[in-house]
Amino acid sequence: MANKQSNENKEKKTNTEHANKEENTSVKPNYKDNVDWLRSELGVSKSFDMLHLDLFYAGRDMSLFTIDGMTKDKITHFLMELLAGLEEEDLANHPLERLVRTYLPYIEVSTETSLDKVAFWVLSGASALVVDGLDKVIIIDARTYPVRGPKEPDVERVVRGPRDGFVETIVFNTALIRRRVRDPSLRMEYMSVARRSKTDICVCYIEDIVNPNIVETIKKNVSQIDTDGLPMGEKTIEEFIGGRHFNPYPTVRYTERPDTAAVHLYEGRVIVIVDGTPVALIAPSTYWNQLQHAEEFRHKPITGCYLRMIRYLCVWASIFMLPIWYLLASHPGFAGGAAFIEIDKQLDMPLVGQILLIEFGIDALRMATVHTPSAMGSALGLVSAIVIGQIAIQAGLFAKEVILYMSVAAIGTFATPMYEVSLANRLARVGLILLAVLFGLPGFIAGVLVFTIYLTSLKSFYMPYLWPFIPFDPSAMKDVLFRIPKPLNNRRPKALYPKDPDK
């Protein structure tokens with residue numbers, strides 16, 4: 001009861017402070033006071049790119065605040081030419097209404113009564129027009145940002161399919177989704193997050209399909225983000241709304257493809273788009289959802305099913321092959337005399353040391369490739385794989401069998417569609433190897449059991465992470481294992497509890 005009362009008092013105090021702040025920053029009756037407040041708040045004299053233009057149109061003093069490089073110059077010049085042609089009598093009656101509805105012919109024109117919000121809009125790239133004698137500030141949203149072309153993302157390439165991808169500008173990304181989802185119930189809700197960065201965020205969903213509880217939960221979690229800024233974009237958002245900060249497995253799915261985002265919208269999921277990053281978040285998401293790829297749906301169903309089976313085998317091999325091979329190789333009786341499992345030449349370095357050294361070496365090579373210019377990346381891979389690997393085998397540092405099975409595990413890692421899942425699977429693989437080394441077969445079995453229980457305990461916005469395997473749903477599990485033809489796949493995932501379950 002005491003905690004509840006304390007929270008209520010804190011909320012009342014916050015609301016009172018917010019009301020006082022709005023009252024203190026409301027537009028003043030005096031024109032000069034408004035201009036001086038905005039000049040001080042925006043740091044006009046301290047930042048070279050913060051522009052303040054003193055204007056005089058229609059017998060009135062006006063001030064235009066904008067940021068150089070974030071405003072469409074042609075639109076601004078056009079509007080200033082129109083204002084320059086006004087006479088004093090044009091603004092004699094109802095000047096605010098005439099300016100907004102008649103003399104500023106632009107689509108995105110609004111008014112603000114709070115100077116604090118005016119400063120926010122200017123810092124976001126819009127222009128603010130302060131007019132003497134008006135109790136509101138006119139906001140002209142003629143923003144423009146430096147942007148690259150929407151080319152196909154490198155991580156989610158397909159053989160056939162669209163070649164466009166998300167970019168760093170939120171408006172462009174919402175337009176790419178709108179192009180594919182022409183549903184009147186598609187909602188794009190705007191939110192501003194972080195105290196200092198005021199990052200633009202869009203929560204996107206189809207209202208007639210999605211479960212409203214999921215939408216409210218995501219919006220609530222996003223609105224409660226309390227930090228200075230979001231320099232890492234979508235990853236910072238995921239850490240705030242995903243929960244369980246030390247969980248290596250992502251509870252949301254990342255995508256840079258607008259067609260992938262559209263598919264998940266039609267299933268009843270929510271898309272979170274963050275300004276400044278070309279990656280969108282898809283929630284809720286399951287482990288199996290993370291293993292799907294657009295390439296499977298760009299082929300005939302039987303071919304897509306084959307590709308999915310191969311991908312699943314690669315994922316399981318990346319997790320379990322090395323620990324199982326270690327158990328078989330370190331206990332010759334388990335192998336049954338199979339030459340491709342037993343090590344024919346014992347080396348000075350222990351087997352587990354070889355495995356871990358190559359494991360860490362592959363991660364080091366991956367990091368080196370990321371930091372190497374693309375023109376030199378192929379050469380680095382060849383040098384590392386051929387020269388270093390061959391010399392290490394000849395020098396007796398690694399056994400040939402270790403190189404073979406580690407290569408298979410590495411292929412499975414790189415075949416995992418979601419990069420974050422592949423890294424988490426790699427940590428699980430190392431953990432299983434260590435348990436197999438320390439406790440043998442019982443340790444490996446216990447590790448697999450703990451690994452399964454851990455994934456079962458995870459939830460993505462109340463959706464079980466291993467659904468439909470745990471809890472088991474046979475019809476939904478069929479859709480996970482096989483690439484079902486679209487005419488036969490006419491039901492949305494049950495675990496999402498969509499308003500409209502029928503596709």
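Notes on the structure follow. Since the structure is predicted, the reported quantities are computational estimates derived from the model, not experimental observations. (Residues numbered from 1 in each chain as written. Predicted model: local features only at pLDDT ≥ 70, side-chain atom pairs only at ≥ 80, totals over all residues. Heavy atoms only, no water.)

Here's the deal with the side chain of glutamate 359
What counts, and what does not: Each helix is a run of DSSP H or I of at least 4 residues and each strand a run of E of at least 2, with the numbering of both proceeding from the N terminus. Relative accessible area decides the class of each residue, using a 1.4 Å probe on protein chains only: under 20% of the type maximum gives buried, over 50% gives exposed, and in between gives partly exposed. Contact criterion: two residues are considered in contact whenever any of their non-hydrogen atoms come within 4.5 Å of each other.
When you line up the elements, glutamate 359 lands in helix H13 (residues 351-370). For glutamate 359, a relative accessible area of 2% gives the class buried. Once residues lying within four places of it in the same chain are set aside, the contact partners of glutamate 359 are Leu322, Met406, Arg426, Arg429 and Val430.

As for the pattern of salt bridges
Note the threshold: The working definition used for a salt bridge is a side-chain nitrogen of Lys or Arg within 4 Å of a carboxyl oxygen of Asp or Glu.
Following the criterion strictly, the structure yields 25 salt bridges and no others. Arginine 157 is the salt-bridge partner of glutamate 152, the closest N and O atoms lying 3.7 Å from each other. With a relative accessible area of 48%, arginine 157 lands in the partly exposed category. Salt-bridge contacts for glutamate 359 lead to arginine 429; the nearest nitrogen and oxygen are separated by 2.3 Å. Taken together, the positions of glutamate 359 in helix H13 and arginine 429 in helix H16 (residues 419-457) put the pair 70 residues apart, joining distant regions of the chain. What you see here is one network of salt bridges that share partners, running through Glu152, Asp154, Arg157, Arg163, Arg257, Asp259 and Arg298.

Details of the packing of helix H11 (residues 301-330) against helix H15 (residues 400-415)
Where we set the bar: In this analysis an axis means a line fitted to C-alpha atoms, helices contributing only their contacting stretch, and an angle means the value between N-to-C directions, from 0 to 180 degrees. Note on convention: near helix rotated counterclockwise from far helix by under a right angle means a left-handed crossing. Clockwise means right-handed.
At a minimum axis separation of 7 Å, H11 and H15 run at an interaxial angle of 145 degrees. Relative to H15, the crossing made by H11 is left-handed. Residues Arg311, Cys314, Val315, Ala317, Ser318, Met321, Leu322 and Trp325 of H11 form the contact with H15, whose own contacting residues are Glu401, Val402, Tyr405, Met406, Val408, Ala409, Gly412, Thr413 and Ala415.

Description of the side chain of asparagine 289
Looking at where asparagine 289 falls in the secondary structure, it is placed in helix H10 (residues 287-290). Relative accessible area serves as the criterion here: at 6%, asparagine 289 is assigned to the buried category. Contacts of asparagine 289, omitting those with residues within four sequence positions, involve Arg253, His264 and Arg269.

Topic: a nonpolar patch on the surface
For the record, the criterion: Think of a patch as exposed residues, more than 30% relative accessible area, with no salt bridge, where like charges cluster within 9 Å and nonpolar side chains (Val, Leu, Ile, Met, Phe, Trp, Tyr) cluster within 5 Å. Only the protein chains shown count as cover for residues, and all accessible areas are computed by the Shrake-Rupley method using a 1.4 Å probe.
A contiguous nonpolar surface patch, about 260 Å² in accessible area, is contributed by Val147, Val171 and Phe172. Along the chain, valine 171 falls in helix H6 (residues 170-180).

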